[in-house]
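A structural walkthrough
Here is what each chain is made of, one letter per residue.
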Amino acid sequence: IPYRGSLYCHMFSEDLDALHRIATRLGLRRYFQCPPKVSWPHYDLSPTKRRLALSMGAVEADRFEAILVSKRLNGTLTQEWSDRVAYSRQLRANQS
């Protein structure tokens with residue numbers, strides 16, 4: 001996500017308690033993006049905080065995983081979406 005000359009990222013988890021715990025360890029105030037303002041709960045991380053989160057055990061996720069998690073969190077994950085994500089991942093892998 002481009003913002004003020006840097007690329008930010010989203011930090012998310014299906015476990016909201018775990019999400020808040022790592023945010024606290026990162027020194028983030030307990031403010032995060034959540035519905036109805038956005039479609040799924042997450043924190044926005046600067047590049048520096050992203051590197052720190054990864055060093056603390058956070059795991060990188062591709063856009064496909066982000067879609068699956070967001071849809072699971074807001075109760076809209078269907079088999080059709082799961083199939084679409086699997087197909088998109090397969091196409092991407094075949095292009096590599």
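Please refer to the structure higher up on the page.
A brief look at the structure comes next. (Residues numbered from 1 in each chain as written. Predicted model: local features only at pLDDT ≥ 70, side-chain atom pairs only at ≥ 80, totals over all residues. Heavy atoms only, no water.)

Some thoughts on the environment of Ser39
- Secondary-structure assignment places Ser39 in the loop between α1 (16-25) and β4 (43-45).
- Owing to a relative accessible area of 46%, Ser39 belongs among the partly exposed residues under this scheme.
- Sequence separation of Ser39 and Leu73 is 34 residues, and the distance between their C-alpha atoms is 9.1 Å. (Helix = DSSP H or I, 4+ residues; strand = E, 2+ residues; numbered from the N terminus. Buried < 20%, exposed > 50% of the residue type's maximum accessible area, 1.4 Å probe, protein only.)

With respect to the nonpolar core
- Formed by Cys9, Met11, Leu19, Ile22, Ala23, Leu26, Tyr43, Leu45 and Ala53, the largest nonpolar core amounts to nine residues.
- Contributing elements (two or more residues each) for this core: β3 (9-11), α1 and β4.
- No other element matches α1, which puts three residues into this core.
- Contact partners of Ala53, with chain neighbours within four places excluded, come to Met11, Ile22, Leu26, Leu45 and Ala58. (Core = buried A, V, L, I, M, F, W, Y, C linked by side-chain atoms within 4.5 Å. Contact = heavy atoms within 4.5 Å.)

Spatial relationships are all this shows, so hold off on functional conclusions.
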